[in-house]
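Here is what each chain is made of, one letter per residue.
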Amino acid sequence: MGRGGVLGGRTVAVALGGGGARGLAHISVLQALDEMGVRPVALAGTSIGAIIGAAYAAGFSGAELRAHTEAILKNRIGLARKLLYARARGRKRLLAGVAHPFLIDGERFLAAFWPAGMPERFEDLDIPMMVVATDFRRRAEAVFSKGPLRPAVAGSMSIPGVVRAAKSAEGWLVDGGLVNPLPYDHLVGRADIVVAVNVSGNLGVESDSRAPSVFQTIIVASQILMNSISSRMIEDNPPDVLIAPAVHQYLALDLFNASRIFAAGDACRAALRDGLLQAAERLENQRLD
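To start, this report covers the structure provided alongside it. Computed from a prediction, not measured in an experiment: that's the story for all the values here.

1. Describing the packing of helix α3 (residues 62–74) against helix α4 (residues 76–85)
Here is step 1: At a closest axis distance of 5 Å, the pairing of α3 and α4 adopts a crossing angle of 95°. Taken together, the axis directions place α3 and α4 in an arrangement best described as roughly perpendicular. Of the residues in α4, those in contact with Ile72, Leu73 and Lys74 of α3 are Arg76, Leu79 and Lys82.
Here is step 2: Of the residues in the contact of α3 with α4, the class split is three nonpolar, no polar and three charged.

2. A closer look at the pairing of strand β6 (residues 140–144)
Here is step 1: Here strand β5 (residues 129–135) runs beside β6; their pairing, made up of five bridges, is antiparallel. The partner of Val132 across the bridge, within β6, is Val143.
Here is step 2: Remark: four residues form the turn of the hairpin made by β5 and β6, two consecutive strands paired antiparallel; Arg139 in that turn has positive phi of roughly 55°.

3. Here we look at the nonpolar core
Here is step 1: Trp114, Val153, Val195, Leu272 and Leu276 are the most contacted members of the largest nonpolar core, which totals 73 residues.
Here is step 2: A per-element tally of this core places helix α2 (residues 48–57) first, with eight residues.
Here is step 3: What Leu272 contacts, discounting residues up to four positions off in sequence, is Val29, Ala32, Leu33, Met36, Val195 and Ile243.
Here is step 4: Residues Leu187, Ala191, Val194 and Ile234 belong to the second largest nonpolar core, which totals 13 residues.

4. Examining empty space enclosed by the protein
Here is step 1: Under the criterion given, the structure shown has one cavity of 30 Å³ or more.
Here is step 2: Here the largest cavity defines a volume of roughly 50 Å³.
Here is step 3: Around the largest cavity, the lining residues are Gly19, Gly20, Ser47, Ile159, Asp175, Ile219, Ser222, Gln223, Met226 and Ala252.
Here is step 4: Across the lining of the largest cavity, the residue classes break down as four nonpolar, five polar and one charged.

5. Observations concerning unusual backbone geometry
Here is step 1: The backbone phi angle of Ser47 is positive, close to 60°, even though this residue is not glycine.
Here is step 2: Within the secondary structure layout, Ser47 lies in the loop between β2 (42–46) and α2.
Here is step 3: Of note in the backbone geometry, Arg139 takes a positive phi value of approximately 55° without being a glycine.
Here is step 4: If you trace the backbone, Arg139 turns up in the loop between β5 and β6.
Here is step 5: What makes Arg139 exposed here is its relative accessible area of 59%.

What counts as what
- Residues numbered from 1 in each chain as written.
- Predicted model: local features only at pLDDT ≥ 70, side-chain atom pairs only at ≥ 80, totals over all residues.
- Heavy atoms only, no water.
- Axes fitted to C-alpha atoms, helices over the stretch in contact; angles between N-to-C directions.
- Helix = DSSP H or I, 4+ residues; strand = E, 2+ residues; numbered from the N terminus.
- Parallel < 35°, antiparallel > 145°, perpendicular 65-115°, else oblique.
- Contact = heavy atoms within 4.5 Å.
- Nonpolar A, V, L, I, M, F, W, Y, C, P; charged D, E, K, R; others polar.
- Pairing = 2+ DSSP bridges.
- Core = buried A, V, L, I, M, F, W, Y, C linked by side-chain atoms within 4.5 Å.
- Buried < 20%, exposed > 50% of the residue type's maximum accessible area, 1.4 Å probe, protein only.
- 1 Å grid on protein atoms, 1.4 Å probe; cavity = no way out; pocket = protein on both sides within 12 Å on 5 of 7 lines; lining within 4 Å.
- Points joined across faces, edges and corners; volume = space filled by probe spheres on them.

Structural measurements only, silent on function.
Written out as structure tokens, the structure reads:
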């Protein structure tokens, strides 16, 4: 499958959306593409999609990323050390007069969790990659495809109240999910078939009847916003292939449910293959008309 395979030479671009730990399902989808022999010609990512997409664009396979992630999560002591390393230094505040107990520094997080050997610049990636963040001062979308890689990805993953804003040459960056949680629109025209993987929180009802904590409220409010934006985007102008792993029940930092999240991504393999084949068939029919 791929350029000379059953897609009839059609090219594929992939957008990986935001959603915290739910985004581990992205790795399963990338692994499925590898096994199908489909190599994307372009990638776009927001938040966790930017973290995983950049590593994939750097040349790490889906299987390598899965093994790397599973090894980290299996070692709970090592995981705790990585999270402590990623903690933002200095006294940071969430609200005036209220000290934040645990705030993550995005670039330190990437240094701790990305595979060794990640390039420093977009230009050194094997696959062209676009990272979506939010420019805090302009209150607008910021898209990066060249220059330093880490500040852009650190900004894209800067969930308010969890990861502090990242400084870049353009200014302060926060979570790209606030403006574009599923950035497939940036791939239009860059490939014949655009695939979007939505992990922002597909429909579902939580079974927990307890009152949410302050931290849960911050996280889930962000997920509700991303899901609302993604749903509207898809309704207005859907991608060629939409993949939505069943991960609505997991929170942004639900790392210890990684095996179930991976499984949810694995369950999308047939939908991914069928969607690609159908998109290629539509293009062929359009060519013949």
